[in-house]
Amino acid sequence: MDQGTIRMSTEIASVSGRRVWDSRGRPTVETEVRLAGGAVGRAIAPAGASTGSAEAVDKRDGGTAFGGLDVMQAVAAVNAEIANTLRDRDACDQAGADQAMIELDGTPNKSRLGGNALVATSMAIAHAAANQQGVPLWRHLGGKRDDFKLPLPEIQIFGGGAHAGRRVDVQDFMVIAVGAGSYEQSLEWTAEVYRAAGRIMQDAGLMRGVADEGGFWPAFDSNEQALDFLVRAIEKAGYAPGSEIAISLDIAATDFGRNGQYRLSADRKTVDADGLSELLLGWLDRYPIVAIEDPLGEDDGEALARFTAAAGSKVEVIGDDFLCTTASRIEAAADIGACNAALIKPNQAGTLSETKAALDAARAAGWASIVSARSGETEDVTIVHLAVGWGVKQLKVGSFARSERMAKWNEGLRIAERLSHSGGNLPARDSFPWGRK
Ligand code: 2PG
Ligand code: MG
């Protein structure tokens, strides 16, 4: 920049990266963006364990240190190439900054510079822009409206699959307090269910600790036993299963499916796509389930369309590994009638702009959407602001334990306080009509 030019306060003055550590003790990337006006924005990349094959790829160094998971190359990319490209850009032009990074990377899956480098930087730019303007991030993202709502929390009680040594096959057994009148109340109710679940598992001698996202690590004999215990926990906590507290499942079927065959180890059987669909449709009949994520593997689009045709009028059929927060994949899925809701994870897309494009595609298809954390997380709370600012219906960040999870639920409480003047702060109570019998 020429000496004497007046700089806009939201111009990016510097971008720097550093290595920090996530909730599994693995290295990850933090980016710090400093603006000409003095504001600083910081964000940290999360990391998944059950990943879809079309996700943006994290750059990992390989070799022997930290199991090959070090991120020093991604940090170096932030400090050099990415910093040089972004310097002097307006942090308020998120789309322009993201596009510049996408072009700089030049690969379809962000593998050259790293999805971890890009997503941390993209989110840090948004934080810096919000800070410079003196507004919370959710308002910077959401613009001038006064109808902001908190998302409905979707909270894990039992963890399984890749997050708990595959003791049960289903990955997330979650609850949604569909009958709660406010965000605060939904957390209070869930806290009681989490405690009750811990007590009944302890009494039954089935407690093995906590899984990666803070949910209890169960020693159940079958997947259905987990569902039975979850209903018991809801009842023991004093709530009506279904009308007050309903169940949401992430089957994460890609993880136990291969060549159209699904191995349910906990149930000691192998089924094909139609067999798995039949089993899950049976669960939908017998348990108060309102949402089911990745019921089939990421390659089983047609079976997923058949499943959605059978279940989509009763529950949210959510695509995660199948959609990978990608607008074109969501459009293609909508064309064949696969899914009626999309999980939205910024690090699957790689930048905030692409994440928002995926959300817009889901909305254009008439779908529900859920902003989601990853199993590897940190104190970063950006996703809570995305959910509020973008008006997303649900938020999934894991369980009701461990600080990388609680930091996010607690951030929602702070936002709720800011919004409390506007009355009820959750999405419309009729958004799960089938869960309110
Ligand atoms: C998922 C997430 C969160 P991971 O599958 O939805 O539960 O897990 O981050 O390991 O992909
Ligand atoms: Mg999932």
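What comes next concerns the included structure. (Residues numbered from 1 in each chain as written. Chains lettered and ligands numbered in written order. Predicted model: local features only at pLDDT ≥ 70, side-chain atom pairs only at ≥ 80, totals over all residues. Heavy atoms only, no water.)

Some points on the nonpolar core
For soluble globular proteins, the rule of thumb is that nonpolar side chains tend to be buried together.
So, step 1. Membership of the largest hydrophobic core comes to 131 residues, with the highest contact counts inside it found for Phe158, Leu276 and Trp283.
So, step 2. Counting residues per element, this core draws most heavily on helix 3 (residues 115-133), which supplies eleven residues.
So, step 3. The residues that make up this core include at least three from each of domain 1 (7-134) and domain 2 (152-436).
So, step 4. In this structure, Trp283 is in contact with Val170, Asn223, Glu224, Leu227, Leu249, Ile251 and Ile289, ignoring residues within four places of it in sequence. (Core = buried A, V, L, I, M, F, W, Y, C linked by side-chain atoms within 4.5 Å. Buried < 20%, exposed > 50% of the residue type's maximum accessible area, 1.4 Å probe, protein only. Helix = DSSP H or I, 4+ residues; strand = E, 2+ residues; numbered from the N terminus. Domains from an automatic or database assignment. Contact = heavy atoms within 4.5 Å.)

So, the layout of surface pockets
So, step 1. Space inside the largest pocket adds up to approximately 240 Å³.
So, step 2. Taken together, 15 residues form the lining of the largest pocket, with Ala47, Gly48, Thr51, Asp58 and Arg60 sitting closest to its centre. (1 Å grid on protein atoms, 1.4 Å probe; cavity = no way out; pocket = protein on both sides within 12 Å on 5 of 7 lines; lining within 4 Å. Points joined across faces, edges and corners; volume = space filled by probe spheres on them.)

Quick look at the sheet that holds strand 1 (residues 12-21)
So, step 1. Reading across from one edge, 1-2-3 is the order of the three strands in this open sheet, with antiparallel pairing throughout. Edge positions in the sheet fall to strand 1 and strand 3 (40-44), since each has one partner strand and no second. Averaged over all pairs of adjacent strands, the angle between strand axes in this sheet comes to 15°, irrespective of strand direction.
So, step 2. Bridge count between strand 2 (residues 27-35) and strand 3: five bridges; the pairing is antiparallel. Each bridged residue has a counterpart across the sheet, and for Glu32 the counterpart in strand 3 is Arg42. (Pairing = 2+ DSSP bridges. Axes fitted to C-alpha atoms, helices over the stretch in contact; angles between N-to-C directions.)

What about the coordination of the magnesium ion (ligand 2)?
So, step 1. Taken together, Asp250 (OD), Glu293 (OE) and Asp320 (OD) make up the protein donors of the magnesium ion (ligand 2), found 2.0 to 2.2 Å from the metal.
So, step 2. Ordering the donors of the magnesium ion (ligand 2) by residue number gives the pattern D-x42-E-x26-D. Of this pair, Asp250 sits in strand 8 (residues 246-250) while Glu293 sits in strand 12 (residues 289-293); the two residues are 43 residues apart in sequence, bridging distant segments of the chain. Taken individually, Asp250 and Glu293 each receive the classification buried, so the pair is uniform in this respect. (Donors = N, O, S within 2.8 Å, 3.2 Å for Na, K, Ca; no water.)

Brief notes about the site of ligand 1
So, step 1. Taken together, 16 residues are adjacent to ligand 1, and Ala49, Glu213, Arg374, Ser375 and Lys396 come closest.
So, step 2. At a separation of 2.8 Å, an oxygen atom of ligand 1 approaches a polar side-chain atom of His163.
So, step 3. Between ligand 1 and Glu293, the relevant distance is 3.1 Å, taken from an oxygen atom to a side-chain nitrogen or oxygen of the residue.
So, step 4. With the chains in place, 99% of the 310 Å² that ligand 1 exposes on its own is no longer accessible.
So, step 5. The residue inventory of the shell around ligand 1, partitioned by class, reads three nonpolar, five polar and eight charged. (Near = heavy atom within 4 Å. Polar contact = N/O pair within 3.5 Å; in protein donor to acceptor, adjacent residues only side chain to side chain. Areas by Shrake-Rupley, 256 points an atom, 1.4 Å probe, with all protein chains shown as cover. Nonpolar A, V, L, I, M, F, W, Y, C, P; charged D, E, K, R; others polar.)

Side note on empty space enclosed by the protein
So, step 1. Within the structure shown, the criterion is met by three cavities of 30 Å³ or more.
So, step 2. Lining the largest cavity are 17 residues, and of these Gln171, Glu213, Lys345, Ala373 and Ser375 sit closest to its centre.
So, step 3. For the lining of the largest cavity, a count of residues per class yields three nonpolar, seven polar and seven charged.
So, step 4. When residues are assigned to domains, the lining of the largest cavity turns out to be shared by domain 1 (7-134) and domain 2 (152-436), each giving three or more.
So, step 5. Size it by volume and the second largest cavity reaches roughly 90 Å³.
So, step 6. Put simply, the parts of the chain that give the lining of the second largest cavity at least two residues each are helix 10 (346-349) and helix 12 (382-389).
So, step 7. Class assignment for the residues of the lining of the second largest cavity results in seven nonpolar, four polar and three charged.
So, step 8. Residue contributions to the lining of the second largest cavity reach at least three from each of two domains, namely domain 1 (7-134) and domain 2 (152-436).

Nothing here speaks to function; it is geometry throughout.
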